[in-house]
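# Coordinate analysis (summary)
One-letter residues, chain by chain:
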Amino acid sequence: MFAELEMSGPTPDHTYTYLFCDLLTDEMLAELPLSGVTYSTELNGIGTLTGVIPYSDETLPLDPDAASRPSRTALYVDRDGVIVWAGIVWTRELVKGGKAIQAAELLSYYTRRYVKKTLSTDTSMVLDPAYVPAGQRLYADQKFVMWSLMNYANSMPGGNIGINTNLLAAPGHGINRVITYFAFERPEIYKSIAELAAADDGFDFGVEVGWNPVANNLPPTRYKRARTWFPRRGRTAQESGLVFTKGGSGSNILDYQWPENGVDMATEISGLGAGTGEAKVTAVAQDTDRLASGWPLLEAVTTYDGVVDQATMTGLVAAELTARSGAQTQPWFDVTADDDPAFGSYSVGDDALFVIEPEPRMPAGREGVLRIVSIENTAAAGPERVRLTCAAV
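This section reports on the structure supplied with the text. (Residues numbered from 1 in each chain as written. Predicted model: local features only at pLDDT ≥ 70, side-chain atom pairs only at ≥ 80, totals over all residues. Heavy atoms only, no water.)

What follows is about the layout of surface pockets. Its boundaries defined by the atoms lining it, the largest pocket holds a volume of some 1400 Å³. As for the largest pocket, its lining consists of 39 residues, of which Asn44, Ala198, Ala319, Ala323 and Arg371 are closest to the centre. What the second largest pocket holds in volume is close to 760 Å³. Put simply, the parts of the chain that give the lining of the second largest pocket at least two residues each are strand 3 (35-42), strand 6 (82-95), strand 10 (204-211) and strand 11 (222-229). (1 Å grid on protein atoms, 1.4 Å probe; cavity = no way out; pocket = protein on both sides within 12 Å on 5 of 7 lines; lining within 4 Å. Points joined across faces, edges and corners; volume = space filled by probe spheres on them. Helix = DSSP H or I, 4+ residues; strand = E, 2+ residues; numbered from the N terminus.)

Here it is as structure tokens:
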């Protein structure tokens, strides 16, 4: 097995294996080394991976060109026997010594998939009242809407990349939506799921990957399963017990940035849904408390394709206003992978306490509970460095 490629330096603390597989069949095409690997996981988003496949006497017999073709190759990252990342190779280019690849997590596939026949929870909007994927009717529970969208995509010829949707079946979240996806608008499936999840009383979602248990001396197989977390993914700080500190004993933060960004702040959100002209579904939400206290009017407009229900639109706009009504802090912390809390003991969605002891850059120190929304690991020889990007709780 190929470990992380490194030309010099100490022996890696961890063993990485990179498996290149056919996207549709999951048949393994080759196990290839990668150098300069960085990979990330995003909360309700799409993490990425970059790295370089070396073209050498060792790898050329494995036909790395055929094993890493963009748009039809799945890539699994195994770290010490645990699959920590999986995605799709989307780009490849020549670089010195090999070819650089860029990949994105499996959900990126659904940014290339669109609704091509009208789907709706309202049977008066469709010709075939049978449920998706055979018909056009959507189940009303928001969890089942996601199930419907993914199974609609899976039902198309060449459209099933093997993501299991069983965890999207009963029980539901108990939150019903009234929603229509019009064929003539060609709504993107990933965007539709993300907008559904972002509404008031929404949910977190993702694709879990890992090894299936080995049985009967058969070759190991991998699972890919879509799931939701309601009302949220991850643990509270009290539940997780996660503490990251800089300074003092047990310091595990190597570097940090705790900025404030008002560029994306809004005190009024306008949402635009389905329809045309005066019939278009719209909603407006204002942060009246901030406006009354002297903040300026800062407007933003967001389009929500396929939203036909006024209550759904109102909920989406209210949720976005909440997310954007404060100065947008996106602090990041570079932490050591092997000190407590170790990489693998936390996931996106977890809350953690971050403590900066007084230092020249932060004379008074700072601490706060933040939610981890992105985890980026640089797979390198020696101690690994992990970047945690966070958001306010």
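Moving on, we get to the sheet that holds strand 14 (residues 268-272). Reading across from one edge, 15-14-16 is the order of the three strands in this open sheet, with mixed pairing throughout. Each end of this open sheet is capped by a strand with a single partner; those strands are strand 15 (282-286) and strand 16 (299-303). If you compare each strand with its neighbour and ignore which way they point, the axes differ by 15° on average. The strands touched by helix 6 (residues 310-324) are strand 14, strand 15 and strand 16; relative to strand 15, the strand with the most contacts, the crossing angle is about 30°. (Pairing = 2+ DSSP bridges. Axes fitted to C-alpha atoms, helices over the stretch in contact; angles between N-to-C directions. Contact = heavy atoms within 4.5 Å.)

Moving on, we get to the nonpolar core. A general tendency of soluble globular proteins is for nonpolar side chains to be buried together. Counting 42 residues, the largest nonpolar core has Phe20, Phe333, Tyr346, Phe354 and Leu388 as the members making the most contacts within it. Contact partners of Leu388, with chain neighbours within four places excluded, come to Phe244, Pro331, Trp332, Phe333, Val335, Tyr346, Phe354, Ile372, Ser374 and Ile375. Formed by 38 residues, the second largest nonpolar core is a distinct cluster that contains Val132, Met146, Leu168 and Phe205. (Core = buried A, V, L, I, M, F, W, Y, C linked by side-chain atoms within 4.5 Å. Buried < 20%, exposed > 50% of the residue type's maximum accessible area, 1.4 Å probe, protein only.)

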